[in-house]
Amino acid sequence: MDIKKDLKHLKALKNSEERLNAEKNWQSGAEFCNPPNSDITSVSSKGSRKSVARVTDVGIKARRKFASNLFGYKIGGSRFFEYRVKDRTLRDNENVKRWLSDVNNITYQEIMSSNFPNQVYLGYSELSYIGTTAMFIEKGDDRALNFKTQNIAKTYVDVDSKGMVDTVFMVLPFTARQIEQEFGETDLPDKVKTALDNASMEEFDVIHCVKKNPDYKAGSLNPKKRKYYGSYMLQCGN
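Calculation rules
Counting restarts for each chain: residues are numbered from 1 in the order of the written sequence. Reporting in this predicted model follows two pLDDT cut-offs: at least 70 for local features of residues, and 80 or more for side-chain atom pairs to be given and counted; totals over whole chains, interfaces and linings ignore these cut-offs and use all residues. The side-chain numbers reported here are obtained from all heavy atoms of the structure, hydrogens and water having been left aside. Secondary structure follows DSSP: runs of H or I at least 4 residues long count as helices, runs of E at least 2 residues long count as strands, and numbering of each begins at the N terminus. A helix's residues, less one, multiplied by 1.5 Å, set its expected span. Exposure is judged per residue with a 1.4 Å probe applied to protein chains only, and the accessible area is read against the type maximum: over 50% gives exposed, under 20% gives buried, and values in between give partly exposed. Throughout, a contact is declared for two residues whenever any of their heavy atoms are within 4.5 Å. A pair of strands is treated as paired once DSSP finds two or more bridges between them. Axis definition: a line fitted to C-alpha atoms, limited for helices to the stretch in contact. Angles are taken between N-to-C directions and run from 0 to 180 degrees. Only centres within 6.5 Å qualify two rings of Phe, Tyr or Trp (six-membered ring in Trp) as a pair; their planes then separate them into stacked at under 30 degrees, edge-to-face at over 60, and tilted for everything else. The criterion is that NZ of a Lys, or CZ of an Arg, lies within 6 Å of the ring centre and within 35 degrees of the ring normal, and then a charge sits over that ring. Note that the term roughly parallel is reserved for angles under 35 degrees, roughly antiparallel for angles over 145, roughly perpendicular for angles of 65 to 115, and oblique for everything else. In this classification, the charged set is Asp, Glu, Lys and Arg, the nonpolar set is Ala, Val, Leu, Ile, Met, Phe, Trp, Tyr, Cys and Pro, and all remaining amino acids, among them Gly, are polar.

Focus on helix α6 (residues 116-129)
For α6, spanning 14 residues, the distance from its first C-alpha to its last is 21 Å, which sits close to the expected 20 Å at 1.5 Å a residue. Looking at α6, one finds that the buried residues are Phe 116, Gln 119, Val 120, Gly 123, Tyr 124, Ser 125, Glu 126 and Tyr 129. Where α6 is buried, its residues touch α2 (17-33), α3 (58-74), α5 (94-112), β1 (134-139) and β2 (145-150). Just beyond α6, the residue with positive phi is Gly 131, at close to 95°.

Re the side chain of Thr 155
Examined against the element boundaries, Thr 155 turns out to sit in strand β3 (residues 155-159). When residues no more than four places from it in sequence are discounted, the contact partners of Thr 155 are Arg 19, Ala 134, Gln 150, Val 168, Phe 169 and Met 170.

A closer look at the sheet that holds strand β6 (residues 228-235)
In spatial order, the strands read β3-β4-β5-β6; together these four strands make up an open sheet with antiparallel pairing. Every other strand in the sheet has two partners, leaving β3 and β6 as the edge strands with one partner each. Taken pair by pair, the neighbouring strands of this sheet meet at an average axis angle of 20°, ignoring direction. Packed on one face of the sheet, helix α1 (residues 3-15) meets β3, β4 (165-175), β5 (203-212) and β6 and runs near 95° to β4.

Things to note about the pairing of β3
Pairing analysis gives five bridges linking β3 to β4, with the strands arranged antiparallel. Along β4, the bridge assignment pairs Val 157 with Val 168.

Focus: the packing of aromatic side chains
In this structure the tally under the stated criterion is eight aromatic pairs. Relative to Tyr 83, the ring of Phe 81 has its centre 5.8 Å away and its plane inclined at 65°; by these criteria the two rings are edge-to-face. Connected via pairs of aromatic rings, a cluster forms that spans Phe 80, Phe 81, Tyr 83, Tyr 108, Phe 116 and Phe 147. Taking the ring centre of Tyr 108 as reference, the NZ or CZ of Arg 79 above it sits at 4.8 Å.

So, the packing of helix α7 (residues 176-183) against helix α8 (residues 190-197)
Helix packing for two helices is described by the angle between their axes and how far apart those axes are. In contact at an axis separation of 8 Å, α7 and α8 are set at 110° when each is read in the N-to-C sense. Between α7 and α8, the angle is such that the two are roughly perpendicular. Together, Ala 176, Arg 177, Ile 179 and Glu 180 of α7 and Val 192, Ala 195 and Leu 196 of α8 make up the contact between the two elements. Its residues assigned to classes, the contact of α7 with α8 shows five nonpolar, no polar and two charged.

Side note on the environment of Gly 163
On the secondary structure map, Gly 163 appears in the loop between β3 and β4. Residue classification places Gly 163 among the partly exposed positions, given a relative accessible area of 48%. Considered as a pair, Gly 163 and Leu 127 are 36 residues apart in the sequence and their alpha carbons are 19 Å apart.

Here's what the structure looks like:
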């Protein structure tokens, strides 16, 4: 992991002409289709009331209908995934069938009892006027699953030579208290420690980077050999 290289990569993505042009279009789309979440290039303070002038609510209605229909088609009313094995001999084995059935049931129950339905609906809402969305998953309290649809304005992606996404940066605003809860109190920068001591609500940018693992080994069960790896970086200044 090369932190300086990753931060330079993120800065280049933020300042790219393609990104800046996209943000202007996203801002216009958000103001028309989703005013409560229109902080992309026009950032307002927390808790402030949005006062975006609209001639008609057709954009809001279209966004809601799109998200509801897509959610109903892809998620609601039926199981939307299934674990399978490629090997035909294993696939026809009764013990394997029962094991897969149990795993499918447990996984589905865990997902649907989490906040997944709410977060995937938010993601579908963004698809209607932005055209893309990003969601990540982590362990929540009591080992439960916690899903989060990330604000597109705080998400930056890059692609490989074949046009496939291979790098994702998410800029997560955390208070000093939240940073301590997530990462512990050891090795915190002085600025964060001071904010923690003063019970300050100042927010710091925690950068979550997910990229291809140079040590990837196909078929390995070693977590360090997975195809992708994630890292966190704390940015206390510009």
